[in-house]
Amino acid sequence: MDVPERKANENFEAYVERLIREAQEDGEFDRLPRGKPLPLTGGPPPEGWWAKEKLRRENLSDLPASIAIRHEAERTLAEAMRETDERLVREKLDALNRKIRKLNATHVAGPPTTLAPLDVEAIVARWRERRRGSAPPEPSRGERP
């Protein structure tokens, strides 16, 4: 769509209103999706809303790396226990261990990293027992993954 020029005697607000009116008349808004409210309607926005929205939208974390890796380890362990193929379990755990080793070797900011690489063989043995139906209970949140 070519944007028309602003008329010499037209203030900015009138120019914008004219562009909107012309777009409505041309049906430019007819194809827009409906039914989802804008995220910032209904009162003043919370402090730092834009940063939280960017983190959510881009699937980023504001946690220090040493804490984020613990969350990732919990998530990966839970995913691995749901897998049906041992090869995939090992791949997930090996990938996580690579991240843990890299973080432990390079981390310099924030809280120190205290998560050691996971014992893949012990976890795979627990996975096998679970598949057979005689697994010990999963570690609680406070225990080390």
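The structure this text deals with has already been given above.
What counts and how
Residues numbered from 1 in each chain as written. Predicted model: local features only at pLDDT ≥ 70, side-chain atom pairs only at ≥ 80, totals over all residues. Heavy atoms only, no water. Helix = DSSP H or I, 4+ residues; strand = E, 2+ residues; numbered from the N terminus. Buried < 20%, exposed > 50% of the residue type's maximum accessible area, 1.4 Å probe, protein only. Contact = heavy atoms within 4.5 Å. Areas by Shrake-Rupley, 256 points an atom, 1.4 Å probe, with all protein chains shown as cover. Core = buried A, V, L, I, M, F, W, Y, C linked by side-chain atoms within 4.5 Å. Polar contact = N/O pair within 3.5 Å; in protein donor to acceptor, adjacent residues only side chain to side chain. Axes fitted to C-alpha atoms, helices over the stretch in contact; angles between N-to-C directions. Parallel < 35°, antiparallel > 145°, perpendicular 65-115°, else oblique. Left-handed = near helix turned anticlockwise from the far one by under 90°. Nonpolar A, V, L, I, M, F, W, Y, C, P; charged D, E, K, R; others polar.

Overview of the overall build of the chain
Then comes step 1: When helices and strands are counted, the chain shows five helices and zero strands.
Then comes step 2: Helices and strands in the chain line up, N terminus first, as α-α-α-α-α.
Then comes step 3: Split into buried and exposed, the 145 residues of the chain put 19% on the buried side.
Then comes step 4: Contacts spanning at least 24 positions in sequence make up 53% of the contacts within the chain whose residues lie at least 6 apart.
Then comes step 5: Here the chain has roughly 11300 Å² of accessible surface; of this, 53% comes from carbon and sulfur atoms.

Side note on unusual backbone geometry
Then comes step 1: At Asn59, a position not held by glycine, the phi torsion is positive, near 55 degrees.
Then comes step 2: Relative to the helices and strands, Asn59 is located in the loop between α2 (49-57) and α3 (65-82).
Then comes step 3: The class of Asn59 is exposed, set by a relative accessible area of 70%.

Examining the nonpolar core
Then comes step 1: Judged by nonpolar contacts, the single largest core of 16 residues is most densely connected at Ile69, Val89, Leu93, Leu96, Ile100, Leu118 and Ile123.
Then comes step 2: Residue assignment for this core shows that the elements contributing at least two residues are α3, α4 (86-106) and α5 (120-132).

So, the side chain of Ser66
Then comes step 1: Looking at the secondary structure, you find Ser66 in helix α3.
Then comes step 2: Looking at Ser66, its side chain comes within polar contact range of the main-chain oxygen of Pro111, at 2.9 Å.
Then comes step 3: Leave out the neighbours within four places in its chain, and Ser66 touches Leu103, His107, Pro111, Pro112 and Thr113.

Here's the deal with the environment of Thr114
Then comes step 1: With respect to the element layout, Thr114 can be found in the loop between α4 and α5.
Then comes step 2: Measuring from C-alpha to C-alpha, the distance between Thr114 and Asn104 comes to 7.9 Å, with ten residues separating the pair along the chain.
Then comes step 3: Side chain to side chain, Thr114 and Arg70 meet in a polar contact 2.7 Å long.

Examining the side chain of Glu10
Then comes step 1: Looking at the element boundaries, Glu10 is found in the segment before α1 (12-25).
Then comes step 2: With a relative accessible area of 11%, Glu10 lands in the buried category.
Then comes step 3: Each residue touching Glu10, except ones within four places of it in the same chain, is listed here: Tyr15 and Arg18.

A look at the packing of α3 against α5
Then comes step 1: The contact between α3 and α5 brings their axes to 9 Å, and the two run at 40 degrees. Here α3 lies oblique to α5, going by the angle between them. Like other packed secondary-structure pairs, α3 and α5 cross with a definite hand, here right-handed. In this structure, α3 contributes Leu77, Ala80 and Met81 to the contact, and α5 contributes Ile123, Arg126, Trp127 and Arg130.
Then comes step 2: Grouping the amino acids of the contact of α3 with α5 by side-chain chemistry returns five nonpolar, no polar and two charged.

Topic: the packing of α4 against α5
A packed helix pair is summarised by two numbers, namely the angle formed by the two axes and the spacing between the axes.
Then comes step 1: Running from amino to carboxyl end, α4 crosses α5 at an angle of 145 degrees, the nearest separation of the two axes being 10 Å. In the packing of α4 onto α5, the handedness of the crossing is right-handed. Residues Glu86, Val89, Arg90, Leu93, Asp94 and Asn97 of α4 form the contact with α5, whose own contacting residues are Val120, Glu121, Ile123, Val124, Trp127 and Arg128.
Then comes step 2: Of the residues in the contact of α4 with α5, the class split is six nonpolar, one polar and five charged.

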